[in-house]
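Summary of structural features
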Amino acid sequence: MSILPSSVTEIAHELPAVGVSNRHARATIFLHGAHVASWRPVGEAEVLWTSVRSWFAAGKPIRGGVPICFPWFGAHPTDAAQPAHGIARLRPWTLGEAEDLADGRTRVVFRLASDPQTEAVWPHAFELKYTVVVGAELELTLEVKNSGQEAFTFEEALHTYFDVADVRRAKLTGLEGARYLDKVDGGAERTQAGPLLFTAETDRVFAGAEGPCTIEDPVLGRKIVVAKAGSKTTVVWNPWVAKAARMPDYGDEEWPGMVCVEAANAGTERVTLGAGQARELRQVIGVRR
Ligand code: TA6
């Protein structure tokens, strides 16, 4: 592990992690999946939701925080035996550079490269670089590089779980008038009429959605602004009662406390990279009162 700046400490856990604590915020990032599990700006309540039932084990996805979905989103397109949302969130990443920035934020870089195991599942050479900047905002940048000799096509997402007091009283703005696929209703094509309110299981894939969204939480009296760059797909998810009860790593009563707003490139907006090419997907999260 490289020499760590004063704001970064190693955390002993079933899974190795680093903790970040600076004058702007605190965060916890597991090397497993380069998984940001917690981000709490100074003076704020936790912004990322993690299930009390989450697994923290090699080969298992962490339930909450920011799972990195790559190189496919959702179920594997042809092999049901493969894990949902790809392999990146299940692999140990390496901790690269870590530095305290002049403005008091902390920048930590994680890396994952293809190997025989990944190529057995997805036969392409890639290099992932994930840059996490912890400050009064949380800046997440996933760079995907095609390190092979031929073009490849992939899906990706920063599948972020946000903490809300009660999703039934929350409101998501920024997607008004956008077209979406309703995965709760067989992928039916619909248009978002007004702010997105949560009254039942919600699983919507918005294509052509490149702008920011805002989660309004009237109970906590805060707004979480979710901006992004390099992403054409926004996914919004809450499992509600029945699906929450079916997930072993998700408490039956936890569903009112979270909502996923995900920066992605998926479905019709999957990405093709030529040999040697790279591109970035970024999500920037801030809290307003
Ligand atoms: O992003 C929404 C979604 O695709 C839902 O359909 C649901 O499956 C969720 O992801 C969680 O997936 P996971 O594999 O982490 O349980």
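A few points on the structure. (Residues numbered from 1 in each chain as written. Predicted model: local features only at pLDDT ≥ 70, side-chain atom pairs only at ≥ 80, totals over all residues. Heavy atoms only, no water.)

Helix and strand content of the protein chain: two helices and 23 strands. Taken against the 2.2 N^0.38 rule, which gives 19 Å for 289 residues, the C-alpha radius of gyration of the protein chain at 18 Å falls within 12% of a compact globule. Along the first, second and third principal axes, the C-alpha atoms of the protein chain reach 45 × 45 × 35 Å. Taking all 289 residues of the protein chain together, 54% fall into the buried category. Considering only residue pairs separated by 6 or more positions, the protein chain has 63% of its internal contacts joining residues 24 or more positions apart. Counting every atom, the protein chain has about 12,200 Å² of accessible surface; 51% of that belongs to carbon and sulfur. The protein chain carries 31 positive and 36 negative side-chain charges, and their two centres are separated by 3 Å. (Helix = DSSP H or I, 4+ residues; strand = E, 2+ residues; numbered from the N terminus. Rg over C-alpha atoms; globule rule 2.2 N^0.38 Å. Buried < 20%, exposed > 50% of the residue type's maximum accessible area, 1.4 Å probe, protein only. Contact = heavy atoms within 4.5 Å. Areas by Shrake-Rupley, 256 points an atom, 1.4 Å probe, with all protein chains shown as cover. Lys, Arg positive; Asp, Glu negative; His and termini not counted. Charge placed at Lys NZ, Arg CZ, Asp CG, Glu CD.)

The four strands are arranged β1-β2-β3-β4 in an open sheet whose pairing can be described as antiparallel. This sheet does not close on itself; its edge strands, each paired only once, are β1 (8-11) and β4 (35-41). Across the sheet, the mean angle separating the axes of adjacent strands is 15° when strand polarity is ignored. Pairing of β1 with strand β2 (residues 17-21) involves four bridges; the strand directions are antiparallel. Opposite Ile 11, over in β2, you have Ala 17 as the bridge partner. (Pairing = 2+ DSSP bridges. Axes fitted to C-alpha atoms, helices over the stretch in contact; angles between N-to-C directions.)

With respect to spatial proximity, the complete set of residues near the ligand consists of Arg 63, Phe 73, Ala 84, His 85, Arg 89, His 159, Lys 183, Asp 203, Val 235, Trp 237, Lys 243 and Glu 262. Side-chain polar atom of His 85 to an oxygen atom of the ligand: 3.0 Å apart, as the coordinates give it. Between the ligand and Glu 262, the relevant distance is 2.8 Å, taken from an oxygen atom to a side-chain nitrogen or oxygen of the residue. Broken down by class, the residue content of the shell around the ligand amounts to four nonpolar, two polar and six charged. (Near = heavy atom within 4 Å. Polar contact = N/O pair within 3.5 Å; in protein donor to acceptor, adjacent residues only side chain to side chain. Nonpolar A, V, L, I, M, F, W, Y, C, P; charged D, E, K, R; others polar.)

So, about the nonpolar core. Of all hydrophobic cores here, the largest spans 69 residues; its most connected members are Trp 39, Trp 93, Phe 110, Tyr 130 and Phe 162. Residue contacts for Tyr 130: discarding those within four places in its chain leaves Ala 34, Val 36, Val 66, Ile 68, Trp 93, Val 108, Val 109, Phe 110, Leu 140, Thr 141, Leu 142 and Leu 158. The next biggest cluster of nonpolar side chains, apart from the first, holds seven residues, and it includes Cys 69, Phe 73, Ala 264 and Ala 266. (Core = buried A, V, L, I, M, F, W, Y, C linked by side-chain atoms within 4.5 Å.)

With that settled, the discussion passes to the environment of Arg 111. Relative to the helices and strands, Arg 111 is located in strand β7 (residues 106-113). We classify Arg 111 as partly exposed; its relative accessible area is 35%. Taking the C-alpha atoms as reference, Arg 111 lies 5.5 Å from Trp 93; in sequence the two are 18 residues apart. Filtering out sequence-adjacent residues up to four positions away, Arg 111 remains in contact with Trp 93, Thr 94, Glu 97, Leu 128 and Lys 129. Here Glu 97 takes part through its side chain, which lies 3.2 Å from a polar atom of the side chain of Arg 111.

This brings us to the packing of aromatic side chains. Counted under the stated rule, the structure contains 13 aromatic pairs. The structure contains a cluster of three or more aromatic residues connected by ring pairs, namely Phe 70, Trp 122, Phe 126, Phe 152 and Phe 154. Above the face of the Trp 55 ring, Lys 60 is positioned so that its terminal group lies 4.1 Å from the ring centre. (Phe/Tyr/Trp six-rings, centres within 6.5 Å; stacked < 30°, edge-to-face > 60°. Lys NZ or Arg CZ within 6 Å of the ring centre and 35° of its normal.)

What we call a disulfide is simply a covalent bond connecting the sulfur atoms of a pair of cysteines. With the rule as written, the count across this model stands at zero disulfides. Left unpaired, Cys 213 is separated from the closest cysteine sulfur, that of Cys 260, by 13 Å. A relative accessible area of 2% places Cys 213 in the buried class. With no disulfide of its own, Cys 260 lies closest to Cys 69 among cysteine sulfurs, the gap being 9.2 Å. (Disulfide = S-S within 2.5 Å.)

Moving on: the sheet that holds strand β6 (residues 94-100). Here we have nine strands laid out as an open sheet, ordered β6-β7-β8-β9-β23-β19-β18-β13-β16, and antiparallel in their pairing. At either end of the open sheet lies a strand with only one pairing partner, and these are β6 and β16 (196-197). With nine bridges connecting them, strand β8 (residues 126-134) and strand β9 (residues 138-146) associate as antiparallel partners. Directly across from Phe 126, in β9, lies its bridge partner Asn 146.

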